[in-house]
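# Notes for the structure review
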Amino acid sequence: MVEQKVCDHSITENTGAHQSCVAIVPIFNHLEHEEVQEVAKAARPIGLKRGELLYNAGDESDSLYIVHKGKLKVYRLSESGKEQVIRILEAGEFTGELALFTQKIHDSYAEAVEKTEICSIQRTRLNELLLKYPNISLKILNEFSTRLDQTEHQVTSFATEGAETRIALYLAQESEKNRSAEIRLPMTKKDLASYLGTTPETVSRKLAKFEDEGWIEQLDQRGIRIKDMDALLLV
């Protein structure tokens, strides 16, 4: 039986923070100022400390959670307690979206990896907004499509590619996402290993190999400069 942490996050009130939170989210940033204000009024802010859970597997999923500041780690636990990281959410990203369409129980955990500020909107309030502003639904469906594609790619990668290739492709994807040869890993090497289906030792060893080959330069624990993208893509 896996021991679960208790979700005991604090709630604060700050209308300005609500609006700032909503405005940076892709599913809302197409709205007019007055419309953003309306969405912000429906939002409830939650503050999380590092290591604190936003929700547990088995909790009712009844709200959309938007990251305002900080980072959330979404993961599942196996029967043996082994952690599988699904994704890391940063400012402007969200979780709990399936609650918008059906009553559901969370099958994963969401944990703050650093001090994190969340804006939550309950299903009933958000459904009202979806009826009033249908384009929000289209934006959410687009995000569904993107996440499904990422999940399918991850599953295929686990089944067909070795750990070295998965690590190399991950670095290339982060560089493309950030449009820079210099990237900062959004998670620890332990979490990265979990996300890529390998071990922290393997991650460290392969990064050291890439550096010895002259393909990357490790700037610090999380900072990496890609020096030879073509070589990484051929791993």
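Residues numbered from 1 in each chain as written. Predicted model: local features only at pLDDT ≥ 70, side-chain atom pairs only at ≥ 80, totals over all residues. Heavy atoms only, no water.

In the annotation of an unreviewed UniProt entry, the entry for the protein reads Crp/Fnr family transcriptional regulator, and the organism field reads Planococcus salinus.

Scanning all chains against the criterion turns up 4 aromatic pairs. An angle of 35° between the planes, with centres 5.8 Å apart, marks the rings of Tyr55 and Tyr65 as tilted. Placement of Tyr55 in strand 3 (residues 53-55) and of Tyr65 in strand 5 (residues 63-69) is noted, with a sequence separation of 10 residues between them. Residue Tyr65 is classed as buried on the basis of its relative accessible area, which comes to 8%. (Phe/Tyr/Trp six-rings, centres within 6.5 Å; stacked < 30°, edge-to-face > 60°. Helix = DSSP H or I, 4+ residues; strand = E, 2+ residues; numbered from the N terminus. Buried < 20%, exposed > 50% of the residue type's maximum accessible area, 1.4 Å probe, protein only.)

Moving on, we come to the sheet that holds strand 7 (residues 83-89). The 4 strands are arranged 3-10-6-7 in an open sheet whose pairing can be described as antiparallel. Edge positions in the sheet fall to strand 3 and strand 7, since each of these pairs with one other strand and no more. This sheet shows a mean twist of 30° between the axes of neighbouring strands, independent of strand direction. (Pairing = 2+ DSSP bridges. Axes fitted to C-alpha atoms, helices over the stretch in contact; angles between N-to-C directions.)

With that out of the way, let us pick up the environment of Gln122. Along the chain, Gln122 falls in strand 11 (residues 116-122). Put simply, Gln122 and Ser61 are 61 residues apart on the chain and 9.4 Å apart in space, counted from C-alpha to C-alpha. Discounting chain neighbours no more than four positions away, the residues touching Gln122 are Asp62 and Ser63. (Contact = heavy atoms within 4.5 Å.)

Here we take up helix 3 (residues 123-132). Taken together, the buried positions of helix 3 are Arg123, Leu126, Leu129 and Leu130. Seen from one end, helix 3 has its buried residues packed into an arc of 125°, which puts them on one side. Away from its buried face, by an angle of more than 90 degrees, helix 3 presents the exposed residues Thr124, Leu131 and Lys132. (Arc of directions from axis to C-beta.)

As a further point, take the pairing of strand 10 (residues 109-112). Of the two faces of strand 10, the one lined by Tyr109 and Glu111 and the one lined by Ala110 and Ala112 are each fully buried. Sheet topology note: the strand 3/strand 10 ladder contains 2 bridges and is antiparallel. Following the sheet pairing, Leu53 is matched in strand 10 by Glu111. In this structure, strand 6 (residues 72-77) lies alongside strand 10, joined through 4 bridges in antiparallel fashion. Across the sheet, Val74 pairs through a bridge with Ala110, a residue of strand 10.

On to the environment of Arg125, then. The residue Arg125 is located in helix 3 in this model. As a C-alpha pair, Arg125 and Lys41 span 84 residues in sequence and 10.0 Å in three-dimensional space.

What follows covers the sheet that holds strand 13 (residues 216-218). In space, the 3 strands of this open sheet follow the order 12-14-13, with antiparallel pairing throughout. Lying at the two open borders of the sheet, with one neighbouring strand each, are strand 12 (182-184) and strand 13. Neighbouring strand axes in the sheet, compared pairwise and without regard to direction, differ in orientation by 25° on average. Bridge analysis of strand 12 against strand 14 (residues 223-226) gives 3 bridges, and the strand direction is antiparallel. What sits directly across from Arg184, in strand 14, is Gly223. Taken strand by strand, helix 7 (residues 200-212) contacts strand 13 and strand 14, and its axis lies near 120° from that of strand 13.

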